[in-house]
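# Secondary and tertiary structure notes
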Amino acid sequence: MSLSMISANRCFSGTQYVYRHASAATQTDMTFAAYLPEQAEHGPCPTLFFLSGLTCSEENATVKAGYQRVAAELGMIVIAPDTSPRGETVPNDERYFLGQAASFYLDATQAPWSQHYQMERYIVQELYDLVLDALPVEAGKIGITGHSMGGHGALTLAMRNPDRFASLSAFAPVVAPSQVEWGQVAFSAYFGQDQAAWAAHDACALVGSHGWKGDMLIDQGDGDAFLETNLRTPLFEAACQQADQSALIRYQPGYDHSYYFVASFMEEHMRFHAERLG
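Residues numbered from 1 in each chain as written. Predicted model: local features only at pLDDT ≥ 70, side-chain atom pairs only at ≥ 80, totals over all residues. Heavy atoms only, no water.

Across its full length, the chain holds ten helices and nine strands. On C-alpha atoms alone, the chain measures out to a radius of gyration of 17 Å, which is about the 19 Å that the 2.2 N^0.38 rule sets for 278 residues. Seen through its C-alpha atoms, the chain measures out along the principal axes to roughly 50 × 40 × 30 Å. Relative to its full complement of 278 residues, the chain shows a buried share of 58%. Relative to all contacts within the chain whose residues are 6 or more apart in sequence, the contacts with residues 24 or more apart total 71%. Surface summary for the chain: the accessible area is close to 10,800 Å², and the carbon and sulfur share equals 47%. For the chain, the distance from the average site of its 15 positive side-chain charges to the average site of its 31 negative ones is 3 Å. (Helix = DSSP H or I, 4+ residues; strand = E, 2+ residues; numbered from the N terminus. Rg over C-alpha atoms; globule rule 2.2 N^0.38 Å. Buried < 20%, exposed > 50% of the residue type's maximum accessible area, 1.4 Å probe, protein only. Contact = heavy atoms within 4.5 Å. Areas by Shrake-Rupley, 256 points an atom, 1.4 Å probe, with all protein chains shown as cover. Lys, Arg positive; Asp, Glu negative; His and termini not counted. Charge placed at Lys NZ, Arg CZ, Asp CG, Glu CD.)

Here is the structure:
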């Protein structure tokens, strides 16, 4: 599968790339960002996938998360995919939490969404294999993190695909989509009323049915306007305790839901992943 380079910017002695490619999973062109540190010029590097949230694209993490300096120091590649398929033929909705930029990183089963919204297959199979083949990514040393809807994606994709990821963290994730408006609207559209499918993509349910093979780090701002309505972090904390799942869940005083919050703790998350990826 060929990559078309959209941009390349020198950054902390490495290069921040943005690529486009044709996706068989989504039946659209997809874009993703890839930061390659200087160490990647000499051999394969450990890699971190960063999944962005509602209304976002790969640009949000690339421009606002501030990961490049630490990635350069650690010799870590960072892959930031887009949040959904896009285009005039791709179904959309006027609500910001459904449709384009709101894929919830799952494979939809209901029309009209099912033709293009195959984002779990895209991330875990197509893009994963593509970067292993085309970039100096070290096999077996790939972690995943994300923010908000992307935090939901990081948790669920890692627990559903433990052979693909070796480390896991999240920023302000949507942990109980089956119980909140964002998730209920999206899951009803993408899955219909198939409650088994809902549970299979709900982090609180997955931690009990699947669990995660190691520890995880979650940061949540206690000043986040979405904490009580759509994030519901305490529910995941309770689910982890009940399942005896190792998880460090930190409530950061005064922080909101923005990328100011993400950027404040990005370095700690990257060092967390670096230790576990070796």
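Bringing the pairing of strand β7 (residues 167-171) into the picture now. Taken across its five residues, β7 has five buried, putting it largely inside the fold. Neither face of β7 is left uncovered, since the one carrying Ser167, Ser169 and Phe171 and the one carrying Leu168 and Ala170 both have all their residues buried. Relative to β7, strand β6 (residues 137-146) is paired through two bridges, and the arrangement is parallel. The partner of Ile144 across the bridge, within β7, is Leu168. One ladder, built from three bridges, connects β7 with strand β8 (residues 217-221); its direction is parallel. Directly across from Ala170, in β8, lies its bridge partner Ile218. (Pairing = 2+ DSSP bridges.)

Turning next to the packing of aromatic side chains. Per the counting criterion, the structure on display carries 19 aromatic pairs. Ring centres 5.4 Å apart and planes at 20° place the aromatic pair Tyr17 and Tyr19 in the stacked group. For Tyr17, a relative accessible area of 19% translates into the label buried. Between Tyr255 and Phe265, the ring centres sit 4.9 Å apart and the planes meet at 70°, which makes this aromatic pair edge-to-face. Here Phe265 lies in helix α10 (residues 259-277) and Tyr255 lies in the loop between β9 (248-252) and α10, a separation of ten residues in the sequence. By way of ring pairs, the aromatic residues Phe50, Phe171, Tyr255, Phe261 and Phe265 are connected into one cluster. Sitting over the ring of Phe272, Arg276 keeps its end group 3.7 Å from the ring centre. (Phe/Tyr/Trp six-rings, centres within 6.5 Å; stacked < 30°, edge-to-face > 60°. Lys NZ or Arg CZ within 6 Å of the ring centre and 35° of its normal.)

At Phe265, α10 shows its largest kink, close to 45°. Buried within α10 are the following residues: Tyr259, Phe261, Val262, Phe265, Met266, His269, Met270, Phe272, His273 and Leu277. Residue Ser258 occupies the N-cap position of α10, its side-chain oxygen lying 3.2 Å from the main-chain nitrogen of Tyr260. Where α10 ends, the next residue or the one after it, Gly278, has phi of about 70°, a positive value. (Bend = angle between axes of the 7 residues up to and from the residue. Polar contact = N/O pair within 3.5 Å; in protein donor to acceptor, adjacent residues only side chain to side chain.)

Our focus in this paragraph is the pattern of salt bridges. Across all of its chains, the model carries 13 salt bridges by this definition. As a salt-bridge pair, Arg250 and Glu268 come within 2.9 Å of each other at their nearest N and O atoms. Here Glu268 lies in helix α10 and Arg250 lies in strand β9, a separation of 18 residues in the sequence. Under the relative-accessibility criterion, Arg250 is labelled partly exposed at 22%. By relative accessible area, Glu268 is classed as partly exposed at 39%. Three or more residues are tied together by salt bridges with common partners; here these are Arg69, Glu73, Glu267 and Arg271. (Salt bridge = Lys/Arg side-chain N within 4 Å of Asp/Glu carboxyl O.)

Let us now look at unusual backbone geometry. For the bond from Ala111 to Pro112, the omega torsion is 0°, close enough to zero to count as cis. Notably, Ser13 is not glycine yet its phi reads approximately 70°, a positive angle. Position of Ser13 among the secondary structure elements: in the loop between β1 (4-11) and β2 (14-23). For Tyr105, which is not a glycine, the phi torsion comes out positive at approximately 55°. Within the element layout of this structure, Tyr105 appears in the loop between β5 (77-81) and α3 (119-134).

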